[in-house]
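# Chain and residue survey
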Amino acid sequence: MRSKTSCFNGSLFRKNLSRYWPLWGLASFGGAMFPLAMLLELLHNGFRFWSPLETRQAYYTVLSYGVPVISIVYAILCAMAVWNYLYNARSVGMMHTLPVRREGLFVTNVLSGLTMMAIPYAVTGVLLVLVTMLFGGFEPVGVLVTVLGVMGESLFFFGLATFCAFIVGNVFMLPALYGLLNFIAVLTDFMVNLLAQGFCFGLNSSYSGTVEWLSPVVYLIQKISPNSTYETQWVTDRLGGQRYETSVLTSVTLENGWLIAAYAAAGAALLGLAWLLYRRRRSESAGDVVAVGWMKPVFRYGCAVYAAILGGRLLYALLWESFQNGQYFALLPMILCMIAGGAVGYYAASMLLAKTPRVFKTTWKGMLAVALGCAALCGAMKYDLFGVTRRIPAPDSVKLVNVYAAGSNYYLTPGKDDVLIEKVRTLHQTIIDDKDYIQKEAPGYGYYSDGYTASVEESAEDSGAQSTITHVRITYMLNSGLKVERGYRLYLTPDRMAREGTYDYLLDQLINSPEMRQKRIRWRDEGFQMTEAWFETWSGGGTLGSREAGLLLDAVAKDAENGDWGVYNWFLADNDADNYDLRIQFEYKLPESQFNRIHDTIRINVKEGMTETIRALKDLKLITDADLVTNRERYPWQYAAGGWDQYDQFYGQFHMSPEEYYERYSEYPAGWFGTESDELPTETENAPAVDDSHSPSMSDGAEATSFGIIGGADGPTVMVTTVA
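Residues numbered from 1 in each chain as written. Predicted model: local features only at pLDDT ≥ 70, side-chain atom pairs only at ≥ 80, totals over all residues. Heavy atoms only, no water.

### Examining the overall build of the protein
For clarity, the cut-off: Strands here mean DSSP runs of E at least two residues long; helices mean DSSP runs of H or I at least four residues long; both are numbered from the N terminus. Buried, partly exposed and exposed residues are distinguished by accessible area as a fraction of the type maximum, computed with a 1.4 Å probe on protein chains only: under 20%, between the cut-offs, and over 50%, respectively. The contact rule is simple, with two residues in contact once any of their heavy atoms fall within 4.5 Å. What sets the accessible areas is the Shrake-Rupley method with a 1.4 Å probe; for residues, cover comes only from the shown protein chains.
Within the protein, the secondary structure is distributed over 22 helices and 12 strands. Within the span of the protein, comprising 724 residues, buried residues form 47% of the whole. The contacts of the protein with a sequence gap of at least 6 include a subset with a gap of at least 24, amounting to 73%. As displayed, the protein offers around 35,500 Å² of accessible surface, 58% of which is attributable to carbon and sulfur atoms.

Written out as structure tokens, the structure is:
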């Protein structure tokens, strides 16, 4: 009989499963808790019907945000279980003397690891299907997509863990290398930006996401998500017979689900590379930090680079940052700090590889290369040899432009907003050209940051002339999927704003143009889906329906067109004095998710002169004349000299805050906060009767229109305050 070579050993496979049953057994028990909790919750709330689309949405949510996190941890545990024999000389010698070829060992252990990964998911999945069937929510498409997604992600993460297992020769290095490779792109991106923003004017982002796809968990969570569509419908309450507006789930798809298939293919390729490494792996490498010869220089210099940037930045912060003048690094001290940090990483890696501390005599040439590299990198960033400071993307390479200024976000699309985009590019170039002036003139330029999600306008005095500091951020989304983002803290003066060609003038002309006023509220702007709208007054507020939101948005747009809203005054200190304590807010889903947010909220502060908006609010019965009290009238102490001192005196005399007094009596006592009489009344003297009758109400019976979809929204919200 001819002998056959088998690539699978059943005895070893069963031995692996029985030996490591606590691993997959505990994981299965933990997974079974989720469908059990779901069943108890449904029973507690009664036998509520669970729609199939809700089931699909739940499956896709878990697949998008839960499975990557679970798989990254569970995969390394399974890999450490099946490949642990590689890291002990006696164990690897015994395994390689068995009558099983390396092909058989590799295939059997890979199948053992994948099976151990699949068992907990299978147990959890079967129980979830049974629960959803019990409540009428079984949905086969969602189940199939979720099963394929779990299989694909499990294959990738176990393939990556197996690849790492054959690079290292020490069991403790396996999870360290695995974790590093999973997050190396995010870590490297952060480190490079951390160093670059200390040298490059306008670069203040700590993360760009340029090669985020090399960090699988982060990329999968960011890109894959359930895309749910809701329709606003009118339903009738069975008990009360009243009609009310509600959002109904109509469709659910898995956005960017093809990425799982791409990572699964990468996982299969990594298993192939792992097999090639296993064929050449020496049994004597058990116990070594790095088991592959060509990876040893990568390990040594990789540790040096990371230690130079992170350690150098830490040393600079401890030893020199308090002495620097301005925001940016001093070149020579930063070079010395990076060399010191790089030396620690370089020699630590060399000692681990050599298994001895006596490495200084034989590795000095490599350390010299590390020192020269630190000096070259700092010099290149200092003098902008990479063109980071000067970079302005060409118009034909841009997919979307986002400008943040005057407390608002503006989104511009090529082909529709070409004129505005060119104005933005001109402004950007002028800011770069005036870099020296900005850094010299802006008071405290280097010691203020952020300001991207809130308005930051500071009054200052400059030689007796009024001036202000404002933040501007310009973000270009490129056709390649990359992002170029720059942020500037600009010093503005009235003289320069009246002079053509200055960045002050260009910024004012751009932001206060009629086109940008409409961009501020996304009026008739394609690509932005309104998800929610509401209003607030001093006495309450409420949610707006589709029809109400559309009418109010049109009214604000008319006020902007008439010049009654949207003209931003850069130098007005009390720029909210003529505002009413009345706000309208619109939440939009952004057309691009690369802006580090999914939703954008626009707040309209209603003020005197906004006739169209005020008329619309009254027609919809959302406000009355009692709501039309300006901030200067309602909170006068905020706008008068010595007002806060009077505030404290008022509280001491009347034993209540001025806000509480005004809410109770609708006016302040004579003589307080600039009123005519100088006589200060007592607490109850001439106090008017309390009027509790006013209560703003929502309009009843408003019918939904096709203006926008008003429904629930998830994801982070960026509150952008628009002051006009």
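### Side note on a nonpolar patch on the surface
Formally: Patches were defined on residues exceeding 30% relative accessible area and lacking a salt bridge, with like-charge contacts within 9 Å and nonpolar side-chain contacts (Val, Leu, Ile, Met, Phe, Trp, Tyr) within 5 Å. Salt bridge, as used here: a side-chain nitrogen of Lys or Arg that lies within 4 Å of a carboxyl oxygen of Asp or Glu.
There is a patch of nonpolar side chains on the surface, built from Val-123, Val-126, Leu-127, Leu-130, Met-133 and Phe-138 and spanning about 500 Å² of accessible area. Topologically, Met-133 is positioned in helix α5 (residues 102–134).

### Quick word on the confidence of the model for the protein
Test applied: Residue-level confidence of the predictor, termed pLDDT, takes values from 0 up to 100.
The pLDDT averaged across the protein works out to 82; a share of 85% of its residues lies at or above 70. Taken as a whole, residues 443–465 scores under 50 in pLDDT and shows 57 contacts with residues more than four places along the chain or in a different chain. Within the model, the stretch residues 677–724 combines pLDDT values under 50 with 126 contacts to residues more than four positions away or in other chains.

### Section: unusual backbone geometry
Most peptide bonds take the trans form, and the phi angle of most residues other than glycine is negative. Phi at Asn-256 takes a positive value of approximately 60°, unusual for a residue other than glycine. Looking at where Asn-256 falls in the secondary structure, it is placed in the loop between β2 (243–255) and α9 (258–280). According to the relative accessible area criterion, Asn-256 is partly exposed, its value standing at 28%.

### Looking at the packing of aromatic side chains
Two descriptors summarise a pair of aromatic rings, namely the distance from one centre to the other and the angle between the planes of the rings. The following threshold applies: The pairing test for Phe, Tyr and Trp rings, Trp by its six-membered ring, is centres within 6.5 Å, and the orientation test on the planes gives stacked under 30 degrees, edge-to-face over 60, and tilted for anything in between. Each ring is checked for a lysine NZ or an arginine CZ that lies within 6 Å of its centre and within 35 degrees of its normal; such an atom marks a charge sitting over the ring.
Under the defined criterion, the tally for this structure stands at 32 aromatic pairs. Aromatic side chains Phe-8 and Phe-13 sit 5.6 Å apart centroid to centroid with 55° between the ring planes, which places their arrangement in the tilted category. Here Phe-8 falls in the partly exposed class, since its relative accessible area comes to 37%. Judged by centre distance (5.1 Å) and plane angle (45°), the ring pair of Phe-201 and Tyr-488 falls under tilted. Note that Phe-201 is positioned in the loop between α7 (173–196) and α8 (216–223) and Tyr-488 in strand β7 (residues 483–492), a separation of 287 residues in sequence. The two residues Phe-201 and Tyr-488 agree in class, both being buried. Taken together, the ring pairs in this structure connect Trp-83, Tyr-85, Phe-106, Phe-166, Trp-275 and Tyr-278 into an aromatic cluster. Over the ring of Tyr-503 we find Arg-496; its NZ or CZ atom is 4.7 Å from the centre of that ring. One cation-aromatic arrangement involves Arg-520 over Trp-565; the distance from NZ or CZ to the ring centre is 5.4 Å.

### A word on the packing of helix α6 (residues 140–165) against α7
Rule in force here: Throughout, an axis means a line fitted to C-alpha atoms (over the contacting stretch in the case of helices), and angles, computed between N-to-C directions, take values from 0 to 180 degrees. To sort the angles, those under 35 degrees are grouped as roughly parallel, those over 145 as roughly antiparallel, those from 65 to 115 as roughly perpendicular, and the leftovers as oblique. Crossings are assigned a handedness: left-handed for a near helix turned anticlockwise from the far helix by less than a right angle, right-handed for a clockwise turn. The nonpolar class holds Ala, Val, Leu, Ile, Met, Phe, Trp, Tyr, Cys and Pro. Asp, Glu, Lys and Arg form the charged class, and all remaining residues, Gly among them, are polar.
Running from N to C, α6 and α7 point in directions that differ by 130°, and their axes come no closer than 9 Å. Relative to α7, the element α6 lies oblique. Crossing angle aside, the handedness with which α6 passes α7 is right-handed. Judged by residue contacts, Phe-157, Leu-160, Ala-161, Cys-164 and Ala-165 of α6 engage Leu-174, Leu-177, Tyr-178, Leu-181 and Asn-182 from α7. For the contact of α6 with α7, the per-class residue count stands at nine nonpolar, one polar and no charged.

### Some points on the pairing of strand β8 (residues 529–537)
For clarity, the threshold we go by: A pair of strands is labelled paired if DSSP reports no fewer than 2 bridges between them.
Note that β8 and strand β10 (residues 579–589) share eight bridges and pair antiparallel. Bridging from a neighbouring strand, Phe-535 pairs with Ile-584 of β10. Two elements, β8 and strand β9 (residues 540–543), share four bridges in a ladder whose sense is antiparallel. If you follow Glu-536 over to β9, its bridge partner there is Gly-541. Counted along the chain from β8 to the antiparallel partner β9, the turn is two residues long.

### Digging into the nonpolar core
Filter applied, for reference: The definition of a nonpolar core used throughout is a set of buried Ala, Val, Leu, Ile, Met, Phe, Trp, Tyr and Cys residues joined through side-chain atoms within 4.5 Å.
The biggest cluster of nonpolar side chains holds 75 residues, and the ones touching the most others in it are Trp-83 and Tyr-178. Per-element accounting of this core gives the leading share, 12 residues, to helix α3 (residues 52–82). Ranked by size, the runner-up nonpolar core spans 36 residues in total, among them Val-398, Ile-431, Leu-490 and Leu-507.

### Points about the layout of surface pockets
The condition is simple: In the cavity and pocket records, a cavity denotes points on a 1 Å grid over the protein atoms alone where a 1.4 Å probe fits but cannot get out, a pocket denotes an open set with protein on both sides within 12 Å along at least 5 of 7 lines, and lining residues are residues with an atom within 4 Å of a point. Grid points are joined across faces, edges and corners, and a volume is the space filled by probe spheres set on the points.
In this structure, the second largest pocket spans a volume of roughly 1,000 Å³. Lining the second largest pocket are 34 residues, with Val-62, Tyr-121, Thr-124, Gly-125 and Leu-128 positioned closest to its centre. Of all the elements, α5 adds the most residues to the lining of the second largest pocket, at 12 residues.

### As for the pairing of β10
A large share of β10 lies buried, amounting to 10 of its 11 residues. Looking at chain direction, β10 and strand β11 (residues 599–607) are connected through eight bridges and run antiparallel. Within β11, the position partnered with Asn-579 by the bridge is Lys-607.

### Some details on the pattern of salt bridges
Applying the stated criterion to the full structure yields 15 salt bridges. Among the salt bridges present, the one from Asp-434 reaches Arg-496, with a minimum N-O distance of 3.4 Å. In this pair, Asp-434 is assigned in the loop between α13 (418–433) and α14 (435–441) and Arg-496 in helix α15 (residues 494–497), connecting sequence segments 62 residues apart. Here Arg-496 falls in the buried class, since its relative accessible area comes to 10%. Among the ionic contacts, a cluster of salt bridges with common partners joins Asp-434, Arg-496 and Asp-504.

### Points about the packing of helix α18 (residues 546–561) against helix α19 (residues 611–619)
Axis separation between α18 and α19 bottoms out at 7 Å; the angle between their running directions is 160°. The pairing of α18 with α19 is recorded here as roughly antiparallel in orientation. Considering the relative orientation of α18 and α19, their crossing is right-handed. The residues of α19 that touch α18, namely those facing Leu-552, Ala-555, Val-556, Lys-558 and Asp-559, are Thr-611, Glu-612, Thr-613, Ala-616 and Leu-617. Of the residues assigned to the contact of α18 with α19, the class counts are five nonpolar, two polar and three charged.

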